[in-house]
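Structure at a glance
Spelled out from the first residue to the last, the chains are:
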Amino acid sequence: MPLHLLSSPAAAAAKLAAGLRAAPLRRCHSFAPAPRHPDRVSLATSLSAAAAARSAGPAVAAAQTKLGVPGKKQVLISLSDKTDLAYLGNGLQGLGYSIISTGGTATSLEAAGVGVTKVEEVTNFPEMLDGRVKTLHPSIHGGILARRDQEHHLKALKDHGIGTFDVVVVNLYPFYDKVTSGTISFEDGIENIDIGGPTMIRAAAKNHKDVLVVVDHNDYPALLEYLKGNQEDQQFRKMLAWKAFQHVASYDAAVSEWLWKQSNKGEMFPPNFTVPLELKSTLRYGENPHQNAAFYADKSLSLVGAGGIATAIQHHGKEMSYNNYLDADAAWNCVSEFDSPTCVVVKHTNPCGVASRQDILEAYRLAVKGDPVSAFGGIVAFNTTIDEDLAREIREFRSPTDGQTRMFYEIVVAPGYTEKGLEILQGKSKTLRILEAKISGKGMLSLRQVNGGWLAQESDDLTPEDITFTSGSERAPQDNELADAKFAWLCAKHVKSNAIVIAKNNCMLGMGSGQPNRRESLRIAFRKAGEEAKGAALASDAFFPFAWNDAVEEACQNGIGIIAQPGGSIRDEDAVACCNKYGVSLVFTGVRHFKH
């Protein structure tokens, strides 16, 4: 399934305009309290970074004059988003450009006192088909696509009385906003698909050697400065052309995604699809200091309003790093699973402490207590608003290991903060990253890269309420044991395979993860849980391959009260016999939770 990753034209221009520096870039993005660049990036900086101007302009003008092609400087403007239109129109008019425009754009220019010629006066053909046909005409596209260094192109323009366009300024119908603003009929969606706009943009971008194409109002100042200098810098033209093609590509990606969902309801995996990505920030480095990295937001229609770390707001602290994003995402995904007030502590993408209590302060203390060594320098996440009391507890809490060391965290993430709570938490550390995130949506498509391709799957949205815990042992579990098993199972869902979680009374006591064999993970979990493992629940993300002299028996010998595992193995009978021997309850979930 081909998967095309498209960087947003607005954001990635910042990196290109700066000359694609090889050294790690200073980064800023929508998390930052004071972003260093706007969401839609101007190309103004490319003027200073571009190559020296060429002197092709006079030669082209001479050729046009020789062939009798109308030589006046012309700009074509057709905009849905009319931000800064008056500024642009007045600036172009002041530079001696004649402006050709369409419908509403022409009306807005006239209202701003800018002289304008309407497209139908150039084409000698009225707008028709409810505006579907306005600019699709040789008098427009001939003037855009003609190569000024080809005499036969210029002769053709002369023969047909067509003038050239030096600048094309176009943006598109707001399809993305329309189809994500709420319920919209299929017919309305179709009518918001732009045809003439992309055609003009692509034509101008193809002929960028002779035509400047602008799709972003943030680039108007750079355009005017460029035109004032009578420059012929091809690097600047190429930059605008790249941005134009990227703009259209992202637009088409949204249309394609929407049409697929309209025509193939229920089918998650199309034969081809495109993922539009928008650069939010360059990062100091990647997973390791020798790797350059960046953070992109997925602009797919399906993710509008979906929440998650990618759309979180950063209220305070140091810049986010590559690993910060991974850890924050893991913590937030885990804590979002729970309905009761819950705290989750994550270290290296694994939850090392989880606790649910009606008193969120108690949940926080228990979560840290689960593994205070790992919790130090970790990420702490809450599914409740952080108020003054909780903020003060987070700021002042001492490590359970010595009762003296104040706990240090990289990130705190929650769905909201009171004004006082945020103020107190900001006083904990200048570097503490404080994030506010929306609960992650369900039913998302999960993508993961492998060399040369991508894996796609449905997100793992199952909760204990979605499955049946079937008793497989002679001793049926008591209600409190089954509740512990469900809590442990939900925690294990977010622990790396081979995952073992020991839990009791809505609190994770110990976990083992990422080991080549499940028995080693089990021993790590018991070592962390200690004596509290007596009578607790143990959940495994997959079946135990053996029973006697292996993990199941070892768990039973350590006093575990109930074991929850998927079942479905030829060794299930061995596990049942082992649990019956020790009087331990065994429940089968029927669901595996591998997490690589």
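Keep in mind it's a predicted model, so treat the numbers as computed, not measured.

**Notes on the overall build of the protein chain**
Looking only at helices and strands, the protein chain features 22 helices and 22 strands. Accessible surface for the protein chain amounts to roughly 27100 Å². Of this, 50% is attributable to carbon and sulfur atoms.

**Digging into helix H17 (residues 388–396)**
Buried within H17 are the following residues: Leu 390, Ala 391, Glu 393 and Ile 394. Along H17, the residues classed as buried sweep out an arc of 160° about the axis, all on the same side. Where H17 is buried, its residues contact helix H15 (360–370), strand S12 (378–382), strand S13 (409–414) and helix H18 (419–426). One side-chain oxygen at the N-terminal end of H17 lies 3.3 Å from the backbone nitrogen of Asp 389; it belongs to Asp 387.

**A closer look at the packing of aromatic side chains**
Tallied over the full model, the rule gives 11 aromatic pairs. Where Phe 376 meets Phe 408, the ring centres are 5.9 Å apart and the plane angle is 50°; that geometry is what we call tilted. With Phe 376 in the loop between helix H16 (372–375) and S12 and Phe 408 in the loop between H17 and S13, this pair connects stretches of sequence that are 32 residues apart. Overall, Phe 376 belongs to the partly exposed group, its relative accessible area being 35%. Through a chain of ring-to-ring contacts, the aromatic side chains of Phe 175, Phe 186, Tyr 251 and Trp 258 assemble into a single cluster. Directly above the ring of Tyr 97 sits Lys 73, whose terminal nitrogen or CZ lies 4.5 Å from the centroid.

**Description of the pairing of strand S16 (residues 453–458)**
As paired elements, strand S15 (residues 445–450) and S16 share six bridges and run antiparallel to each other. Each bridged residue has a counterpart across the sheet, and for Leu 445 the counterpart in S16 is Glu 458. Taking the residues that link successive antiparallel strands as the turn, the S15-S16 hairpin has two residues, and the phi of Gly 452 there is positive, at about 85°.

**Focus: the side chain of Ser 473**
Position of Ser 473 relative to the elements: it lies in the loop between strand S17 (470–471) and helix H19 (479–492). From its side chain, Ser 473 meets the backbone oxygen of Arg 475 in a polar contact 2.9 Å long. Engagement of the side chain of Ser 473 in a polar contact is seen with the backbone nitrogen of Leu 586, the distance being 2.9 Å. Aside from chain neighbours lying at most four places away, what touches Ser 473 is Val 576, Asn 580, Val 584, Ser 585 and Leu 586.

**Side note on the pairing of strand S19 (residues 508–512)**
Burial runs high along S19: five of the five residues are buried. In this structure, strand S18 (residues 500–503) lies alongside S19, joined through four bridges in antiparallel fashion. Bridge pairing links Ala 503 to Met 508 in S19. Between S18 and S19, which pair antiparallel one after the other, the connecting turn spans four residues, and Asn 505 there sits at a positive phi close to 55°.

**A look at the sheet that holds strand S14 (residues 433–436)**
Pairing within the open sheet is mixed, and its six strands lie in the order S9-S14-S13-S12-S10-S11. In this open sheet, the two strands that pair with only one neighbour each are strand S9 (313–316) and strand S11 (350–356). Taking the axes of each pair of neighbouring strands and ignoring which way they run, one obtains an average angle of 20° across the sheet. The pairing of S9 with S14 spans three bridges and is classified as antiparallel. Following the sheet pairing, Gln 314 is matched in S14 by Leu 435.

**Observations concerning the nonpolar core**
Ranked by internal contacts, the top residues of the largest apolar core, which has 54 residues, are Tyr 364, Phe 382, Ile 386, Ile 502, Leu 538 and Ile 563. Here this core gets seven residues from one element, more than from any other, and that element is H15. In this structure Phe 382 touches Trp 332, Val 335, Thr 342, Cys 343, Ile 360, Tyr 364, Leu 390, Ile 394, Val 412, Val 413, Ala 414 and Pro 415, once residues within four positions along its chain are discounted. Counting residues in each nonpolar core, the second largest holds 52 residues, with Leu 85, Met 200, Leu 212 and Val 215 among its members.

**With respect to unusual backbone geometry**
Along the chain, Ser 497 connects to Asn 498 via a cis peptide bond; the corresponding omega equals -10°. Along the chain, the position of Asn 498 falls in the loop between H19 and S18. In the Ramachandran plot, His 348 falls in the positive-phi region, its phi being about 50° despite a non-glycine side chain. In this structure, His 348 sits in the loop between strand S10 (342–347) and S11. For Asn 506, which is not a glycine, the phi torsion comes out positive at approximately 60°.

**Focus: the pattern of salt bridges**
Tallied over the full model, the rule gives 21 salt bridges. Arg 392 serves as the salt-bridge partner of Glu 388, at 3.4 Å between the closest nitrogen and oxygen. In this pair, Glu 388 and Arg 392 are both assigned in helix H17, four residues apart and thus about one turn of the helix distant. Exposure remark for Arg 392: the relative accessible area of 34% places this residue in the partly exposed category. The partner of Lys 581 in a salt bridge is Glu 553, and the shortest N-O contact between them spans 3.5 Å. Of this pair, Lys 581 sits in helix H22 (residues 572–582) while Glu 553 sits in helix H21 (residues 551–557), and the two are 28 residues apart along the sequence.

**Some remarks on the sheet that holds strand S20 (residues 537–540)**
On the basis of which strands lie adjacent, the open sheet formed by six strands has the order S17-S22-S21-S20-S18-S19 and mixed pairing. Two strands lie at the open edges of the sheet, namely S17 and S19, each paired on one side alone. Of the strand pairs in this sheet, S17 and strand S22 (residues 585–588) are connected by two bridges, and their pairing is antiparallel. Bridge pairing links Ser 471 to Val 587 in S22. Across the sheet, H19 lies against S18, S19, S20, strand S21 (562–565) and S22, angled at about 35° from S20, the strand it touches most.

**What to know about the state of the cysteines**
The final tally for this structure, using the stated rule, is zero disulfides. As a non-bridged cysteine, Cys 579 has Cys 556 as the owner of its nearest cysteine sulfur, 4.2 Å distant.

**So, the packing of helix H4 (residues 85–94) against helix H12 (residues 220–228)**
H12 packs onto H4 with a crossing angle of 5° between their chain directions and a minimal axis gap of 10 Å. Compared by their axis directions, H4 and H12 come out roughly parallel. Across the interface between the two elements, Tyr 87, Leu 88, Gly 91 and Leu 92 of H4 pack against Tyr 220, Pro 221, Leu 223, Leu 224 and Leu 227 of H12. Its residues placed into classes, the contact of H4 with H12 shows eight nonpolar, one polar and no charged.

Cut-offs and rules
- Residues numbered from 1 in each chain as written.
- Predicted model: local features only at pLDDT ≥ 70, side-chain atom pairs only at ≥ 80, totals over all residues.
- Heavy atoms only, no water.
- Helix = DSSP H or I, 4+ residues; strand = E, 2+ residues; numbered from the N terminus.
- Areas by Shrake-Rupley, 256 points an atom, 1.4 Å probe, with all protein chains shown as cover.
- Buried < 20%, exposed > 50% of the residue type's maximum accessible area, 1.4 Å probe, protein only.
- Arc of directions from axis to C-beta.
- Contact = heavy atoms within 4.5 Å.
- Polar contact = N/O pair within 3.5 Å; in protein donor to acceptor, adjacent residues only side chain to side chain.
- Phe/Tyr/Trp six-rings, centres within 6.5 Å; stacked < 30°, edge-to-face > 60°.
- Lys NZ or Arg CZ within 6 Å of the ring centre and 35° of its normal.
- Pairing = 2+ DSSP bridges.
- Axes fitted to C-alpha atoms, helices over the stretch in contact; angles between N-to-C directions.
- Core = buried A, V, L, I, M, F, W, Y, C linked by side-chain atoms within 4.5 Å.
- Salt bridge = Lys/Arg side-chain N within 4 Å of Asp/Glu carboxyl O.
- Disulfide = S-S within 2.5 Å.
- Parallel < 35°, antiparallel > 145°, perpendicular 65-115°, else oblique.
- Nonpolar A, V, L, I, M, F, W, Y, C, P; charged D, E, K, R; others polar.

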